[in-house]
Amino acid sequence: MEQSKLQRKSIEYRKTILKIIFESGAGHTGGSLSCIDILNVLYNSVMDITPENFSSFDRDHFIQSKGHSVEALYTVLLDCGFYKKEDLGTLNNFNSHFIGHPTKKVLGIEHNTGALGHGLSVAVGMALGLKMDQKKHQVYALLGDGELSEGSVWEAAMTASKYELENLTAIIDRNRLQITGSTEEVNPIEPLQDKFLSFGFNVIEVKGNDIASLVEVFQKPKKEKNKPNLIIANTIKGAGISFMENQVSWHHKVPSQSEYDLAIHELNEAFENVQ
Amino acid sequence: MSNNMGKPNLEVFAETLLNEAKKNSKILVTTSDSRGSGKLVPYSKELPEQIIEVGIAEQNLVGISAGLSAAGKKVFAVSPASFLTARALEQIKGDIAYSDLPVCLVGISAGISYGQLGSTHHSIHDYAVLRCIHNMSIVAPADNFETIQAIKQAVNFKSPLYLRFGKKPMLDISHENKDFNIGKAKFVTKGEDVLLMATGETVQRAYLAAQILSEKDIHATVISMHTIKPFDAETFLSESRKSKVILSIEEHSIHGGLGEQCASILAQNDIKTNFKILGIPDEYMINGTQSDVLDYYEMSPEKISKTVLTLLSK
């Protein structure tokens, strides 16, 4: 897919994220906006995952370990045809499968997540299963940066390295904020690159809200033989909406009508400016 | 009744699984540095491609097992019951049960098998915590026969399952009844006076207590309630309506296990009976071997039979 088309999609996706959060009255606004460009590039130009091949394991896999940013995932899966707009319209309604964290009840979702620190182990298991069966498909896992305080992430990292899971790519949505404040104030995770290098990963940094950079990193990954991959995606929490960017208060704040209108206005302007 | 001592269930588990895995390359063992204690060294030597070692990391063990299961593997995740069901409880809840992946979790050295190693190593909480997780089945085989059957059925089990094994050789209590099905109560003996409900390694104690009672012309039905969940309430109810005295006997806290499950069914069906729960009381547990501790908490065959006599005389 052309990069300008991906850029437009990112803007449209941001509008959908805000709309579903605004209309359903709940959601993780900041984190969904920080990771949406990553999901956009993965689903639209990298991964082999479609509604048609989803029931088979013989395809690529994506686990959203930072499950709270589910609105970003719902948005991309909707665009990829996994369900209808009306289905997503039930978000947060009584008895809807569309809830505040991913569940397999929704077509396109790989694994139930929400409690942090789980996704990488599951992704390691999947990648190991594919490798044992000599399948070429890839496994991607998206983690939050605050999530890295969970010890189980590092358990999984050790095993990924032990079993030389070159088919595994963990992505850190490095937006530098978590619910309480800065990741470096809450419980510092730096030096992040050195940590994963010492765990035996091939580490790549990328501008995580820049489509061109993401396309380059994901489409032509500079892999190292027998090493699992770690992409540190340097993102902005609330990316794309001026008054939400880098504001911890937008972790799970729902926009008011005027904030929503202003945000959509900003996105419409951005859309017109895409080259 | 005859008393033939078998092997430790754990050994039989490992032998049976090795046999099954030789026939089925989808079977995988995952383990957290527990190959030796799980009696899986022969398995790891014969089938090195069918065992995944994650080190002392139970959370990771369960998460990876979930991923392997999603990839189509039939995973037996083997780890000491205490660590598996406490440390990795959230992974069991989210990645296995909630995500509906048919992993077989195998809790080894369960209950108070670790004896003097103390409470850090004991699992007298596992029934309680797993019972309230939807989609989990819980099975504690009593003897070698039940173990073999449980493993064979576990291979084809389509939903999350927890198996619990101790370390000591077990009496053969299945020689009169070879009918083992997960989810169905298994009769060990039949008698009209007393109902002894036991599970896992306490079944042999109930069986021996029934022998003592029969010498006094008191006849006990002993049930191996190997499946704690889903609980065969139908069989329990029909037997409890026939018995003057009911005892439950478990190597588990008196809270949240077999006994409270029985009590709940009795109370909700308005069955008035002489009922007593035997298990580990809610106290700082005394130290000792598994056998000494179970004896101390009134689960020796002698004490079980005495308790029955006391309740019968009420």
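Residues numbered from 1 in each chain as written. Chains lettered and ligands numbered in written order. Predicted model: local features only at pLDDT ≥ 70, side-chain atom pairs only at ≥ 80, totals over all residues.

**Digging into the sheet that holds strand β4 (residues 202-207) of chain A**
Whether parallel or antiparallel, the strands of a sheet pair through hydrogen bonds between backbone atoms.
All names here are of chain A.
Piece 1. Spatially, β1-β2-β3-β5-β4 is the arrangement adopted by the five strands of the open sheet, whose pairing is parallel. At either end of the open sheet lies a strand with only one pairing partner, and these are β1 (61-64) and β4. Neighbour to neighbour, the strand axes of the sheet diverge by 20° on average, direction disregarded.
Piece 2. In this sheet, strand β2 (residues 139-144) lies alongside β1 in parallel orientation, the contact comprising four bridges. Its bridge partner being in β2, His-61 is matched across the sheet by Val-139.
Piece 3. The strands touched by helix α2 (residues 29-46) within the sheet are β1, β2, β3 (168-174) and β5 (229-234), with β3 carrying the most contacts at an inclination of about 150°. (Pairing = 2+ DSSP bridges. Helix = DSSP H or I, 4+ residues; strand = E, 2+ residues; numbered from the N terminus. Axes fitted to C-alpha atoms, helices over the stretch in contact; angles between N-to-C directions. Contact = placed C-beta atoms within 7 Å.)

**Considering the packing of helix α1 (residues 3-24) of chain A against helix α3 (residues 70-79) of chain A**
Residues and elements named next belong to chain A.
Piece 1. Contact pair α1 / α3: the axes reach a minimum separation of 9 Å and the direction vectors enclose 120°. If you check the angle between α1 and α3, you find them oblique. Handedness of the α1/α3 crossing: right-handed. Together, Tyr-13, Thr-16, Ile-17, Ile-20 and Ile-21 of α1 and Glu-71, Ala-72, Tyr-74, Thr-75 and Val-76 of α3 make up the contact between the two elements.
Piece 2. When grouped by side-chain class, the residues that make up the contact of α1 with α3 number seven nonpolar, two polar and one charged. (Parallel < 35°, antiparallel > 145°, perpendicular 65-115°, else oblique. Left-handed = near helix turned anticlockwise from the far one by under 90°. Nonpolar A, V, L, I, M, F, W, Y, C, P; charged D, E, K, R; others polar.)

**Description of the sheet that holds strand β4 (residues 74-80) of chain B**
Residue and element names in this part refer to chain B.
Piece 1. The sheet built from seven strands is open, its strands ordered β3-β2-β4-β5-β7-β6-β12 with mixed pairing. Two strands close off the open sheet at either side, each with one partner strand: β3 (51-53) and β12 (227-229). Adjacent strand axes in the sheet meet at a mean angle of 20° when their direction is disregarded.
Piece 2. Across five bridges, β4 lies against strand β5 (residues 104-108) in parallel orientation. For Ala-77, the partnering residue across the bridge sits in β5 and is Leu-105.
Piece 3. Strands β2 (27-31), β3 and β4 of the sheet are contacted by helix α3 (residues 58-70), whose axis makes an angle of about 170° with β4.
Piece 4. Of the strands in this sheet, β2, β4, β5, β6 (137-139) and β7 (161-164) are in contact with helix α7 (residues 144-155), which crosses β7 at around 160°.

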